[in-house]
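Listed below, chain by chain, are the residues.
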Amino acid sequence: MKKLAITFFCLAALQGQAQFRLSRADSLRMDSINKLTQQDYKNMLQQLGITATRPGPSGNPQAPNAANSDETKATPYTTLPDPLTLKNGQKVANAKSWWEKRRPEIVEEFDREIYGRVPANVPGVKWEMASVSNDTVGSIKAVTKRLIGHVDNSSHPAIKVDIQLTLTTPAEARGPVPVMMEFGFQFPAGFRLPASMQTPGPTWQEQVLAKGWGYAILVPTSYQADNGAGLTQGIIGLVNRGQPRKPDDWGTLKAWAWGASRALDYFETDKAVDAKRVGIEGLSRYGKAALVAMAYEPRFAIGFIGSSGAGGAKILRRVFGEQVENLASSGEYHWFAGNFIKYAGPLTPNDLPVDAHELIALCAPRPVFISVGSPTVEGQWIDAKGMFIAGVHAGPVYRLLGKKDLGVTEMPPQEVALLNGDIAWRQHSGGHTTGPNWPTFLQFAERYWKR
Ligand code: GCU
């Protein structure tokens, strides 16, 4: 399974490079995953009583059915759900009413219709310290702990779940340090990212250590696979005893976020970490997971949300780039609750009771940095403007809670950062990576985490 996860990553990393070939064994495993995914998807459609869904547009800009990337055709929606109007029509006038009435309403709608509910009986996790090593990262002496979170599987021993986490802190720290945790990968020894995916200069890990902070890498696929076949395994399958999900059960993004909360539980027990200053970062599908983790877990102090696009920080009602129809297809539905598929037929994105600005609003009053790459290098699938607009419309909730919004309503040019509010923004000039935005994010985080 581990090898397959790495293979999938390599596949994504090397997409489009002709020299990459799957081995026969891996291609057989992928066939079987695809088959099981189709079965699970069909099962969910049956539970929902859906016979057909609308297909999504293509991510290939050359394809005849390419996703829209023309701003003039982008916005047929007329209204967004108002984060500050209760379902009974009353306005939310103060923080108390936000926390006690409106926020729970929004959480319920995201739970039921989009990301699914975390079951009440998720088993506990016991953290084992597998190894401790002294490293030098760049030129900084550091201590790396490799941790394994063993999930209690006594309710269904056929499914075993172990969470992979590493924590690296400066060796010479004089007390507990803030930590940035990334949803990421553990690479095999000697693995190198292709040059096109590397950012010149110090790595993000070196930059974090240079501030005197630590970093952690959590491997989401170690506890929940990134496909529909995996829904009857991993932490979701363990809780369901290997049976398919119900329509409002949690999807993979929510399960990945659950793991991030368990990592935080560990940090609260580790004297090297200041658990009140732990942030979460991720890119793309892991950017979606980082935003979900930040929205649902109040102990995360800051979020760095990289190119999360549809299903993350992008307004789902916007006809630009990736669409709900893509997310609800058999390749991506597992990220969400089964119920979400309804919005690709018979319902439409305009029927969604909530939209992405409200997911950002759930992070309030805590700081969130929305990151994206260049439209010409990263492409338009991500929909930078759709994420910017969501940041703008989360603003009223931040203001209600005494915090600052983005500060502007027009998207600034590439490489112009918005850092003065508690929602921050920067579009860098690189591709599908958070790499070039790390220095700017750290500058933002430093406002909150001064030594
Ligand atoms: C696909 C998918 C996106 C996702 C991305 C990724 O492009 O459509 O929603 O963010 O993969 O995670 O790399």
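Please refer to the structure placed before this passage.
Summarised in this report is the structure supplied together with it. If you're wondering where the values come from, they're calculated on a predicted model, not measured in any experiment. Per chain, the residues get numbers from 1 upward, laid out in the order the sequence is written. In keeping with the predicted nature of the model, local features appear solely for residues at pLDDT of at least 70, side-chain atom pairs appear and are counted solely at 80 or more, and the whole-chain, interface and lining totals rest on all residues. Think of the side-chain values as coming from all heavy atoms in the structure, minus any hydrogens and water.

## Focus: the packing of aromatic side chains
Moving on, step 1. Each pair of aromatic rings taken from Phe, Tyr and Trp, with Trp reduced to its six-membered ring, is defined by centres within 6.5 Å and is described as stacked if the planes are under 30 degrees apart, edge-to-face if over 60, and tilted in the remaining cases. Enumeration according to the criterion identifies 24 aromatic pairs in this entry.
Moving on, step 2. Here F444 and Y448 contribute two aromatic rings whose centre-to-centre distance is 5.4 Å and whose plane-to-plane angle is 80°, an arrangement assigned as edge-to-face. Pair noted here: F444 and Y448 are both in helix α11 (residues 438–448), with a separation of 4 residues, about one helical turn.
Moving on, step 3. A simple rule labels every residue: compare its accessible area, found with a 1.4 Å probe on the protein chains alone, to the largest value its type can have, and call it buried under 20%, exposed over 50%, or partly exposed in between. In this structure F444 comes out as buried when scored by relative accessible area, which is 1%.
Moving on, step 4. Pairwise contacts between aromatic rings join W204, Y215, F304, F369, W438, F441, F444 and Y448 into one cluster. Only DSSP runs of H or I reaching four residues or more are called helices, and only runs of E reaching two or more are called strands; each is numbered from the N terminus.

## Thoughts on the sheet that holds strand β4 (residues 177–183)
Each strand in a sheet pairs with its neighbour through backbone hydrogen bonds, running either in the same direction (parallel) or in the opposite one (antiparallel).
Moving on, step 1. Two strands make a pair as long as DSSP finds a minimum of two bridges between them. The mixed open sheet is built from 9 strands, whose spatial order is β1-β2-β3-β5-β4-β6-β7-β8-β9. Only two strands of the sheet have a single neighbouring strand rather than two, namely β1 (125–137) and β9 (423–427). The sheet shows a mean angle of 20° between the axes of neighbouring strands, direction not considered.
Moving on, step 2. Of the strand pairs in this sheet, strand β3 (residues 162–170) and strand β5 (residues 214–219) are connected by 5 bridges, and their pairing is antiparallel. From the neighbouring strand, L165 faces β5, where its bridge partner is L218.
Moving on, step 3. Two residues form a contact once any of their heavy atoms are found within 4.5 Å. Axis geometry follows a simple rule: fit a line to the C-alpha atoms, using only the stretch in contact for helices, then measure angles between N-to-C directions, giving values from 0 to 180 degrees. The sheet strands contacting helix α6 (residues 252–267) are β1, β2 (140–151), β3, β4, β5 and β6 (273–283), and the helix crosses β3 at an angle near 50°.

## Some thoughts on α11
Moving on, step 1. When we look at burial in α11, the residues that qualify are W438, T440, F441, L442, F444 and A445.
Moving on, step 2. Buried residues along α11 sit in contact with β4, α4 (204–210), β6, β7 (302–306), β8 (368–372) and β9.

## Remarks on α6
Moving on, step 1. Here the expected span of a helix is defined as 1.5 Å times the quantity of residues minus one. Taking 1.5 Å as the rise per residue, α6 with 16 residues should run 22 Å; its terminal C-alpha atoms sit 23 Å apart, in good agreement.
Moving on, step 2. Summarising burial for α6: 15 of the 16 residues are buried, a large majority.

## Section: the packing of helix α3 (residues 95–115) against helix α7 (residues 285–296)
Moving on, step 1. Running from N to C, α3 and α7 point in directions that differ by 145°, and their axes come no closer than 12 Å. The element α3 and its partner α7 pack so that their crossing is left-handed. When α3 is examined against α7, the residues R103, V107, F110, D111 and Y115 are found in contact with a partner set consisting of V292, A295 and Y296.
Moving on, step 2. Residue polarity is assigned by list, with Asp, Glu, Lys and Arg as charged and Ala, Val, Leu, Ile, Met, Phe, Trp, Tyr, Cys and Pro as nonpolar; anything else, Gly included, falls into the polar class. Across the contact of α3 with α7, the residue classes break down as 6 nonpolar, no polar and 2 charged. The hand of a helix crossing depends on one turn: near helix anticlockwise from the far one by less than a right angle means left-handed, and clockwise means right-handed.

## A few points about the pattern of salt bridges
Moving on, step 1. Just to be clear on terms, a salt bridge is a Lys or Arg side-chain nitrogen sitting within 4 Å of an Asp or Glu carboxyl oxygen. For the coordinates displayed, the defined rule picks out 31 salt bridges.
Moving on, step 2. A salt bridge links R285 to D226; its shortest N-O distance comes to 2.7 Å. In this pair, R285 is assigned in helix α7 and D226 in the loop between β5 and α5 (234–239), connecting sequence segments 59 residues apart.
Moving on, step 3. Relative accessible area serves as the criterion here: at 35%, R285 is assigned to the partly exposed category.
Moving on, step 4. Among the ionic pairs, R262 bridges to D265, the shortest N-O distance being 2.6 Å. Placement of the pair is R262 and D265 together in helix α6, with a separation of 3 residues, close to one helical turn.
Moving on, step 5. Take D265: its relative accessible area is 27%, and that puts it in the partly exposed class.
Moving on, step 6. Through salt bridges with shared partners, a single ionic network connects E108, R112, E113, R117, D248 and K342.

## Quick word on the site of the ligand
Moving on, step 1. A molecule or strand has a residue near it when one of that residue's heavy atoms lies within 4 Å. Close to the ligand lie S284, R285, K288, E322, E332, W335, W381 and H432, which account for all nearby residues.
Moving on, step 2. Here the open area of atoms and residues is found with the Shrake-Rupley method and a 1.4 Å probe, where only the protein chains shown may cover a residue. Look at the ligand: alone it shows 320 Å² of surface, and the protein chains cover 78% of it.
Moving on, step 3. When grouped by side-chain class, the residues that make up the shell around the ligand number 2 nonpolar, 2 polar and 4 charged.

## Focus: the nonpolar core
Moving on, step 1. With 102 residues, the main nonpolar core has M181, F183, I235 and F267 as its most contacted residues.
Moving on, step 2. Apart from residues no more than four positions distant in its own chain, F183 is found in contact with L218, P220, Y223, W256, A257, A260, I280, E281, Y286, A289, A290 and A293.
Moving on, step 3. Residues A142, W204, L209 and A424 belong to the second largest nonpolar core, which totals 21 residues. Note on terminology: a nonpolar core comprises buried Ala, Val, Leu, Ile, Met, Phe, Trp, Tyr and Cys residues joined through side-chain atoms within 4.5 Å.

## Regarding unusual backbone geometry
Moving on, step 1. For the bond running from G345 to P346, omega is 5°, close enough to zero to count as cis.
Moving on, step 2. When you line up the elements, P346 lands in the loop between α8 (324–327) and α9 (356–361).
Moving on, step 3. Positive phi is not limited to glycine here, since S284 has a value of about 65°.
Moving on, step 4. Note that S284 resides in the loop between β6 and α7.
Moving on, step 5. Notably, S307 is not glycine yet its phi reads approximately 35°, a positive angle.

## Re the pairing of β1
Moving on, step 1. For β1 and β2, the ladder comprises 12 bridges, and the chain directions are antiparallel. Bridge pairing links K126 to H150 in β2.
Moving on, step 2. Hairpin connection, β1 to β2: the antiparallel pair is bridged by 2 residues, and G138 has positive phi, about 65°.

## Remarks on the packing of α6 against α7
Moving on, step 1. At a closest axis distance of 8 Å, the pairing of α6 and α7 adopts a crossing angle of 60°. The angle between the axes of α6 and α7 places the two elements in the oblique class. Handedness of the crossing formed by α6 with α7: right-handed. On α7, the residues that touch L253, K254, W256, A257 and A260 of α6 are R285, Y286, K288, A289, V292, A293 and Y296. Orientation categories follow fixed angle ranges, with anything under 35 degrees roughly parallel, anything over 145 roughly antiparallel, 65 to 115 roughly perpendicular, and all other angles oblique.

## Overview of the environment of A384
Moving on, step 1. Along the chain, A384 falls in helix α10 (residues 384–400).
Moving on, step 2. When its relative accessible area of 13% is taken as the criterion, A384 is described as buried.
Moving on, step 3. Here the alpha-carbon distance between A384 and G312, two residues 72 residues apart in the chain, equals 11 Å.
Moving on, step 4. Beyond its immediate chain neighbours, meaning those up to four positions away, A384 contacts V372, M411, W425 and Q427.

## Considering the environment of P157
Moving on, step 1. With respect to the helices and strands, the residue P157 is situated in the loop between β2 and β3.
Moving on, step 2. Residues P157 and R262 lie 105 residues apart in sequence; the distance between their C-alpha atoms is 20 Å.

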